[in-house]
Structures are given as C-alpha cells and as structure tokens.
Amino acid sequence: MTLPETSVHQNGRTEPEKTPLFAADGVTVRFGGLTALDGVSVDVRSHEVHGVIGPNGAGKTTLFNVCCGFVRPDQGTLSWRGTRLPDLRPHRLTRLGIARTLQGLGLFRGLTVAENVLVGADRFRRSGFVSALLALPRAARDERALAERAERAMAEVGVLEHAHASPASLPYPVRKRVALARALAAEPELLLLDEPAAGLGHDDMEELAGTVRRLAERMAVVLVDHHMDLVMSVCDRLTVLDFGRVIAAGEPERVRDDPAVVDAYLGEEADR
Ligand SMILES: Nc1ncnc2c1ncn2[C@@H]1O[C@H](COP(=O)(O)OP(=O)(O)OP(=O)(O)O)[C@@H](O)[C@H]1O
Ligand SMILES: [Mg+2]
C-alpha cells in the first residue's frame, strides 16, 4: 500500500492527495524501430498545472497524442479518476473532458475565428444531423447554446473582437489565443497545451502565465514548453522526459537541480 502524498499548490494550500484526475501508466509507443515513449507514467491531479519538459524529440508531443487518443500506445494504460479507460478513441476522450492545443496552431484557414472556436464546442452538440438539416427548433436552440459557449471561450482569452476575422489576418500571438479558445470551448477538465508560449514575446508570455493559473482554478492543465522561466513559474509539478523515458518528476525546485535533468539539457545545448 502506498501512503497518500501531499501536494502543495502555489497558493500555499496543502491538501491530502486523492486519486489523480488522469493517469498514464507504463505507456510505450514505437514508430517502426524508434521507441518514442518507453514505459512512461504520469499522473495529473485535479486543478494542478503539470509541466512536461525535455529536450527536442524527448516524446512530449507523442505523450499528448496518446492522452487525447491521436496515437494508440503499444503498451500501457490511461485512467480517469482511478478507472482504467477501455476505449482510447479520440471522441471518447474528448467526451470525458480532455482537450488540447496543437504544437503550432492547427487552425482551419477557411473558417473564421468564431467558426474555429465552435469546432471545440462540438462535444456539447445534442441534436443530430437530421434535425439540423430540417432546421427543427431543437437544432436552432442547440446551435445557439454552442455559439454561446464559443463566445465565452473567446471572451476569456480576449479574442471576441476578432470573432468574424480570418485567423490568417491576425498576428501570431492572437492566433495562439484563438487556438486556446478552441480548446476551452470544450470546457475541459483536463487541458493539454503543447508549446503555448512558442513564438510569444515577453508580455504575451506573462499574460499566458496568468491565464494558465486562472484556468487551473477550474481544470487541470498539462503544459509542454521550452521556456523554463514560464514552466518554473506556473507549474505545480513537472515530469521530465528524455529519449522517451521519465528521468525526473516532482516539484519544480527539486527537478531543476536534479543532475539527470541538468545533464539532459546540457546535452541539448552541446548538440546545437
Ligand atoms: N508519427 C511519427 N512517426 C515516426 N516518428 C515519430 C512520429 N512522431 C514522432 N516521432 C519521433 O518520436 C520522437 C518523439 O517525438 P515528439 O514529437 O514526441 O518529441 P517532442 O518531445 O514533442 O519534441 P519537440 O520538443 O521537438 O516538439 C522523435 O524522435 C520523433 O522524430
Ligand atoms: Mg513536441
């Protein structure tokens, strides 16, 4: 039997640890001869900001792809609130309340900002294709409710004024916020952010840090990013990957000084 751990949140609260919201256990992913993940285990607690860091090619995006069902693990399991998930298809995981942003943007070019964000709200669609086609009142109500969800998500990250714009016409940092709004429109309980600060300047990054902390009041956030100052300042705990393996895990201060982590990053510097 393992004793319950305690988790100290950044606001100083100390609480007994309960069953994690989400856990990946012993996940292995192979792409042909390459082992991208090798027995990786991560657990994410409700309302924590959990950083996944590691050098390029360490397996961070692959881990996200497993967590949202884009990549099927060769071995290992996922669980939600302590129950093993039997079905890892993307729509099942979305329905549970897992949403993600993509490394880069992944916005649809032919759609407006509002339409892009609406795609994220789709898990709440109730009326089927036929009632939408016949424009039944139920379908109209459903559409309105989805549009309101999308509006709330856009307002939350400050892009509502761009609702009718094409993403391509907007500066990159604004497009990054649109991508975040799309994930938020799903009202996730677990939000996976793959390099949300890539391409952002100092001010946008500070704002992002504030947004992430605010979001953690109502959801768990897993964050992959290469900006150590951002990661260290917003994360409650970190998991460090290198060559597809977990080389360190724990609170940021402890992980930062871990010799294995220092070595992994020094190796990366030397490769440049
Ligand atoms: N679909 C794929 N087919 C083959 N190899 C892949 C595939 N996806 C990822 N890989 C390989 O798996 C390893 C892990 O890649 P991954 O993208 O998960 O790393 P990462 O930690 O996200 O890196 P980065 O910091 O550069 O985004 C890399 O060696 C990569 O080349
Ligand atoms: Mg990546």
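A quick note: this is a predicted structure, and the numbers were derived from the prediction, not measured. (Residues numbered from 1 in each chain as written. Chains lettered and ligands numbered in written order. Predicted model: local features only at pLDDT ≥ 70, side-chain atom pairs only at ≥ 80, totals over all residues. Heavy atoms only, no water.)

Just to check I follow, could you spell out the sheet that holds strand S10 (residues 220–224) for this structure?
Adjacent strands of a sheet pair through backbone hydrogen bonds, lying either parallel or antiparallel. In space, the six strands of this open sheet follow the order S8-S9-S10-S5-S11-S12, with mixed pairing throughout. Of all strands in the sheet, those bounded by a partner on one side alone are strand S8 (98–101) and strand S12 (245–250). Averaged over all pairs of adjacent strands, the angle between strand axes in this sheet comes to 15°, irrespective of strand direction. Bridge count between strand S9 (residues 190–194) and S10: five bridges; the pairing is parallel. From the neighbouring strand, Asp194 faces S10, where its bridge partner is Val224. (Pairing = 2+ DSSP bridges. Helix = DSSP H or I, 4+ residues; strand = E, 2+ residues; numbered from the N terminus. Axes fitted to C-alpha atoms, helices over the stretch in contact; angles between N-to-C directions.)

Help me understand the coordination of the magnesium ion (ligand 2), please; the structure alone is not making it clear to me.
Six octahedral donors around a metal ideally sit at 90 or 180 degrees from one another, while four tetrahedral donors ideally sit at 109.5 degrees. Only Thr61 (OG1) and Gln103 (OE1) from the protein reach the magnesium ion (ligand 2) as donors, at distances of 2.0 to 2.2 Å. Residue Thr61 is located in helix H1 (residues 60–67), and its partner Gln103 is located in the loop between S8 and helix H3 (113–120); the two are separated by 42 residues in the primary sequence. Judged by relative accessible area, Thr61 falls into the partly exposed class, the value being 26%. (Donors = N, O, S within 2.8 Å, 3.2 Å for Na, K, Ca; no water. Buried < 20%, exposed > 50% of the residue type's maximum accessible area, 1.4 Å probe, protein only.)

Explain the site of ligand 1 here, please?
Close to ligand 1 lie 14 residues; Gly57, Lys60, Thr61, Thr62 and Gln103 are nearest. Taking Gln103, its side chain carries an N or O atom lying 2.9 Å from an oxygen atom of ligand 1. Looking at the shell around ligand 1, the elements with two or more residues in it are strand S4 (34–44) and H1. Taken together, the residues of the shell around ligand 1 sort by class into five nonpolar, seven polar and two charged. (Near = heavy atom within 4 Å. Polar contact = N/O pair within 3.5 Å; in protein donor to acceptor, adjacent residues only side chain to side chain. Nonpolar A, V, L, I, M, F, W, Y, C, P; charged D, E, K, R; others polar.)

When you look at the pattern of salt bridges in this model, what are you seeing that I'm missing?
Charged atoms that come close allow side chains of opposite charge to pair. The tally for this structure, following the rule as stated, stands at 14 salt bridges. Of the charged contacts in the structure, one is a salt bridge between Arg100 and Asp194, with a shortest N-O distance of 3.8 Å. Of this pair, Arg100 sits in strand S8 while Asp194 sits in strand S9; the two residues are 94 residues apart in sequence, bridging distant segments of the chain. Assessed through its relative accessible area of 13%, Arg100 is described here as buried. The exposure class of Asp194 is buried, given its relative accessible area of 0%. Across the salt bridge formed by Arg218 and Glu156, the nearest N and O atoms sit 2.7 Å from each other. A residue pair is termed long-range when its members are at least 10 positions apart, and Arg218 in the loop between helix H7 (202–215) and S10 and Glu156 in helix H5 (residues 137–156) qualify at 62 residues. By relative accessible area, Glu156 is classed as partly exposed at 24%. In the salt-bridge network here, residues are joined through shared partners; they are Asp43, Glu48 and Arg237. (Salt bridge = Lys/Arg side-chain N within 4 Å of Asp/Glu carboxyl O.)

Before we go on, may I ask you to explain the sheet that holds strand S6 (residues 75–80) in this structure?
Reading across from one edge, S4-S3-S6-S7 is the order of the four strands in this open sheet, with antiparallel pairing throughout. Two strands bound the open sheet, and with one partner strand each, they are S4 and strand S7 (83–84). Strand direction decides the pairing type here: strand S3 (residues 22–31) and S6, joined by five bridges, are antiparallel. By the bridge assignment, Ala23 is partnered in S6 with Ser79. Of the strands in this sheet, S3, S4 and S6 touch H1, which is tilted by about 65° from S4. (Contact = heavy atoms within 4.5 Å.)

Sorry if this is basic, but what is going on with a negative patch on the surface here?
Among the surface-exposed residues, Asp203, Glu206, Glu207 and Asp229 lie close enough to one another that they form a single negatively charged patch. Residue contributions to the negative patch peak at three residues, all from H7. Examined against the element boundaries, Glu207 turns out to sit in helix H7. Accessibility expressed as a relative area gives 44% for Glu207, which makes it partly exposed. (Patch = residues over 30% accessible without salt bridge, like charges linked within 9 Å, V, L, I, M, F, W, Y side chains within 5 Å. Areas by Shrake-Rupley, 256 points an atom, 1.4 Å probe, with all protein chains shown as cover. Lys, Arg positive; Asp, Glu negative; His and termini not counted. Charge placed at Lys NZ, Arg CZ, Asp CG, Glu CD.)

In this structure, what is going on with the packing of helix H6 (residues 172–184) against H7? I would like to understand it.
Between two packed helices, what matters for the description is the angle formed by their axes and the separation of those axes. Packing of H6 against H7 brings their axes to within 12 Å, and their N-to-C directions diverge by 10°. By the angle class used here, H6 and H7 are roughly parallel. Contacts between H6 and H7 involve Pro173, Arg177, Leu180 and Leu184 from the first element and Asp204, Glu207, Thr211 and Leu215 from the second. (Parallel < 35°, antiparallel > 145°, perpendicular 65-115°, else oblique.)

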